[in-house]
Amino acid sequence: MANLHTAAHNHRIRHPTNLPAPTDYDTSLTLEARKFLKTYGLTPPGVDTFEKQSERCLAILNSRKTPIEKYQYLSVLRNTNVHLFYRLLAENVKELTPLIYTPTVGEACQRWSELYTQPEGMYLSFEDRGNLHSVIQNWPHDVEITVVTDGSRILGLGDLGINGMGIPVGKLSLYTACAGIHPLKTLPLCLDLGTSNESFRNDPLYLGSRREKVTAEEEKDFLDEMMAALTERWPGIVIQYEDFKNPFPSLERYQETYTMFNDDIQGTGAVILGGFINAVKQSGVAPADQRAVFLGAGSAGVGVAKQLTEFFMKEGLSEDDAKRRFWLVDSQGLVTNDRPGKLADHKIYFSRDDNKGKQYKTLEEIVEYVKPTILMGLSTIGGAFTPKILSRMAEMNDRPVIFPLSNPSSKSECTFEEAIKYTNGKCLFASGSPFPTLNFGGKDLVPGQGNNMYVFPGIGLGAILSKAVSVTQNMIYSSAEALATSMLPTELQDHWLYPDIRRIREVSVIVTRGVIRAAQRDGVDRELALRNISDEELEEYIRQRMYDPFTEHEKVERELVDLAEKVMTNSPMSPKVKPADALGGAMTNGNGTGQRRSTVTSRPGTSGGRK
Ligand SMILES: NC(=O)C1=CN([C@@H]2O[C@H](COP(=O)(O)OP(=O)(O)OC[C@H]3O[C@@H](n4cnc5c(N)ncnc54)[C@H](O)[C@@H]3O)[C@@H](O)[C@H]2O)C=CC1
Ligand SMILES: CC(=O)C(=O)O
Ligand SMILES: [Mg+2]
């Protein structure tokens, strides 16, 4: 019996102390199953269906007044009933994503220490250097993917130190929801390397160290040790860097040695390229005639400009012609060769020499000078695309591309409403954080969300399934191409630049396939059997490998039935009882009708094949 009981936990989320797992308290478990799990009496006597559970959760969520209160409720749900959380998310992805990710995750990070209630990831401190290997042993599960931040540039909110943990937690929730990485195989990781945020250092509730941010050299040594320790414990682990203030050195240092990528440079570059490919088709402007002004020349700005440069080159421009389509602007104005002071290394590639000694400072004068077809915002400056600038874009272009991409919403360079109003509905629009649908001229206009959430899940899953030794530039580029091809004809007809977020799982399958194929072309894949199957077979393989909270729940129930069968067979007391009876209908819908649940096939976004 003890062995059977242990086996019963194989598919469930185990509590580290071997108490019943949180999911063992699921109110949809039958009374007999509860007796079997020794949770009988510890939950209310009624037996729920998923529909009832979902109704209750959504009602509670609606009763929470503010987004942060909703975020807190959803965090508790993820920690206490993980499959229910992901079932709810799968069925309400458009409504719930803004609550677990941008914009709400921004406030959650700002208030992480103030609101802290439960562990949700691993913290590695600078003081642990030399011992990272043994600290990492404390994580109780096998890990396939980690998202790591040092909290030093959280969205557009600045250095939030260890409060940045909300970002790995949020990104990995999306990995599970969008790409079906099993929740137990994910590791949210936050580094405590000090913080430049003085108010946090002086805040009694702040849960990180009060030291100043360590030096670049100290950070490098720490990351060297961390990368080795993670890969030693979990060979093949995929490591996603997120929201580091200066992430270029680590990307350069590790990208060929480890299976890693930087989401802000590479993922953002890919997702914007994916939407841009569609925007170029709709604007009708040839690559050679494009002129792009980028407000923001940091990791995301340069990452996006690099991906678009590669696209222009594939469209026939020379490298020099392609990179000259870009005018980058930072806090000091237009990035030029002859600007006083030293340019940061990552800005040099795009720095301009055609300014004839003039230093353009404001966005308004730069727009007049360049006459852009494209305006990208990756500056963290909310409202920087003023009504005047937006109107000028519409005067100069039939279909100006306006992408205010900074997060969260408060940092967006303009709102969807402003962009539509001041361009008179002409703009091709995408923003980093979601904006509501807008009625303009009697038509409902749906804003695109140019957020790396459309690609990083597929990049990560593609790297895991192909067992890639590294994440190559072709894998990143292919994720963008695959995203662009994932659009439905109806979405293209409606002039959308990104697919409906409700189809995100199916989109992630297509992105993952593109990433795996690129890994194969580059010869970095180690799962060689995937080379010999057709694209359709590969997509089916990907779907099969994705965690599905609906079937996961059924798996648990099935396992209980199997166990009950063994118990019945071995027990002299009740040999005649059929397993399903013994569990009081654990395989039924819980309402006594004896019909199996139908949720597995009826939920949105997971049907086989593209529609
Ligand atoms: N939509 C998406 O998927 C993504 C959006 N982002 C957002 O992009 C923003 C920037 O991120 P990173 O590039 O990583 O940050 P970063 O700190 O590396 O770069 C910020 C850039 O903005 C410039 N800047 C600051 N103040 C300015 C001003 N007043 N005028 C002009 N430029 C100014 C800085 O000089 C710097 O070049 C953040 O808000 C982030 O949330 C980042 C990654 C993905
Ligand atoms: C979306 C994202 O990665 C960022 O804003 O940093
Ligand atoms: Mg980021």
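Within any chain, residue numbers begin from 1 and follow the written order of that chain's sequence. Numbering of ligands from 1 and lettering of chains from A proceed in the order in which they are written. pLDDT decides what is reported in this predicted model: residues at 70 or higher carry local features, side-chain atom pairs at 80 or more are listed and counted, and totals for whole chains, interfaces and linings draw on all residues regardless. Neither water nor hydrogens contribute to the side-chain values; these are computed over all heavy atoms in the structure.

With that settled, consider the domain arrangement of the protein chain. Each domain of the protein chain was delimited in the assignment, giving domain 1 (92-258), domain 2 (266-450) and domain 3 (455-545). Between domain 2 and domain 3, the C-alpha centre-to-centre distance is 26 Å. The buried area of a pairing is the accessible area, by a 1.4 Å probe, that goes missing from both parts when the two are put together, added over both. Each partner contributes to the roughly 1700 Å² buried at the junction of domain 2 and domain 3, and carbon and sulfur atoms together form 63% of this total. We define a salt bridge as a contact between a side-chain nitrogen of Lys or Arg and a carboxyl oxygen of Asp or Glu at a distance within 4 Å. For the pair domain 2 and domain 3, the interface holds zero salt bridges. Polar contacts, as used here, are pairs of N or O atoms within 3.5 Å; protein pairs need one atom able to donate a hydrogen and one able to accept it. Residues neighboring in sequence count only if both atoms are side-chain atoms. At the boundary of domain 2 with domain 3, the tally comes to seven residue pairs in polar contact (both at pLDDT 80 or more). Helix and strand labels come from DSSP, where a helix needs a run of H or I of at least four residues and a strand needs a run of E of at least two; each type is numbered from the N terminus. Put simply, the parts of the chain that give the side of domain 2 that touches domain 3 at least two residues each are α14 (263-283), α15 (299-314), β11 (428-431) and β14 (448-449). With 12 residues, α14 is the largest single contributor of residues to the side of domain 2 that touches domain 3. Ten residue types, Ala, Val, Leu, Ile, Met, Phe, Trp, Tyr, Cys and Pro, are classed as nonpolar, four, Asp, Glu, Lys and Arg, as charged, and the remainder, Gly among them, as polar. Of the residues assigned to the side of domain 2 that touches domain 3, the class counts are 12 nonpolar, 10 polar and two charged. Just so you know, the domain bounds were taken from an automatic or database domain assignment.

As a further point, take the site of ligand 1. In the region of ligand 1, 25 residues are neighbours, and R153, K245, A297, S299 and A300 sit closest. A distance of 2.9 Å separates an oxygen atom of ligand 1 from a polar atom in the backbone of A300. Residue L405 places a main-chain N or O atom 3.2 Å away from a nitrogen atom belonging to ligand 1. When ligand 1 is considered free in solution it has 860 Å² of accessible area, and contact with the protein chains removes 87% of it. Elements represented by at least two residues in the shell around ligand 1 include exactly α14 and α15. Taken together, the residues of the shell around ligand 1 break down into seven nonpolar, 14 polar and four charged. Split by domain, the residues of the shell around ligand 1 number at least three in each of domain 1 (92-258) and domain 2 (266-450). Near, as used in this document, describes a residue that has one of its heavy atoms within 4 Å of the molecule or strand being considered. Here the Shrake-Rupley method, with its probe set to 1.4 Å, supplies the accessible areas, and only the displayed protein chains count as covering residues.

What follows deals with the packing of α14 against α15. Remark: α14 packs on α15, axes separated minimally by 8 Å, with the N-to-C direction vectors making an angle of 50 degrees. One element, α14, and the other, α15, form an angle in the oblique class. Judged by the sense of rotation from one axis to the other, the crossing of α14 with α15 is right-handed. Contact with α14, carried on its side by D264, I265, Q266, T268, G269, A270, I272, L273, F276, I277 and V280, involves S299, A300, G303, V304, Q307, L308, F311 and F312 of α15 and no other residues of that element. The class makeup of the residues in the contact of α14 with α15 is 12 nonpolar, six polar and one charged. Helix axes use the C-alpha atoms of the stretch in contact, all axes being lines fitted to C-alpha atoms, and the angles between their N-to-C directions lie in the range 0 to 180 degrees. Angular relationships are summarised with four words: roughly parallel below 35 degrees, roughly antiparallel beyond 145, roughly perpendicular across 65 to 115, and oblique for the angles in between. Here is the rule for handedness: rotate from the far helix to the near one, and if that takes an anticlockwise turn smaller than a right angle the crossing is left-handed, while a clockwise turn gives right-handed. Whether two residues are in contact is decided by their heavy atoms, any of which lying within 4.5 Å being enough.

Binding of the magnesium ion (ligand 3) to the protein goes through E242 (OE), D243 (OD) and D264 (OD), at separations of 2.1 Å. One chain supplies every donor to the magnesium ion (ligand 3), and in sequence these donors are spaced E-D-x20-D. Take E242 and D243: they sit in the same class, and that class is buried. Note that water is not among the atoms considered, so a metal site may appear incomplete; the donors listed are N, O and S atoms within 2.8 Å of the metal, with 3.2 Å applied to Na, K and Ca. Classification of residues uses two cut-offs on accessible area relative to the type maximum, computed with a 1.4 Å probe and protein chains only: under 20% is buried, over 50% is exposed, and between them is partly exposed.

This paragraph deals with the site of ligand 2. Close to ligand 2 lie Y101, R153, L155, K171, E242, D243, D263, D264, N407, N451 and N452, which account for all nearby residues. Within the contact set of ligand 2, an oxygen atom lies 3.0 Å away from a side-chain nitrogen or oxygen of R153. N452 places a polar side-chain atom, nitrogen or oxygen, 3.0 Å from an oxygen atom of ligand 2. Protein contact buries 91% of the 220 Å² of open area that ligand 2 shows by itself. Grouping the amino acids of the shell around ligand 2 by side-chain chemistry returns two nonpolar, three polar and six charged.

Now for the sheet that holds strand β3 (residues 186-192). Two strands are said to pair when DSSP picks up at least two bridges between them. One open sheet holds the five strands; their spatial order is β1-β3-β2-β4-β5, and the pairing between them is parallel. Either end of the sheet is taken by a strand with one partner, and the two such strands are β1 (122-125) and β5 (260-262). Adjacent strand axes in the sheet meet at a mean angle of 25 degrees, parallel and antiparallel pairs treated alike. In terms of strand pairing, β1 meets β3 through four bridges, oriented parallel. Residue pairing for β3: S125 is matched across the bridge by D192. Each of β4 (238-241) and β5 touches α14; the most contacted strand, β5, lies at about 75 degrees to it. Along the sheet, helix α21 (residues 456-466) makes contact with β2 (145-149), β4 and β5, crossing β4 at roughly 155 degrees.

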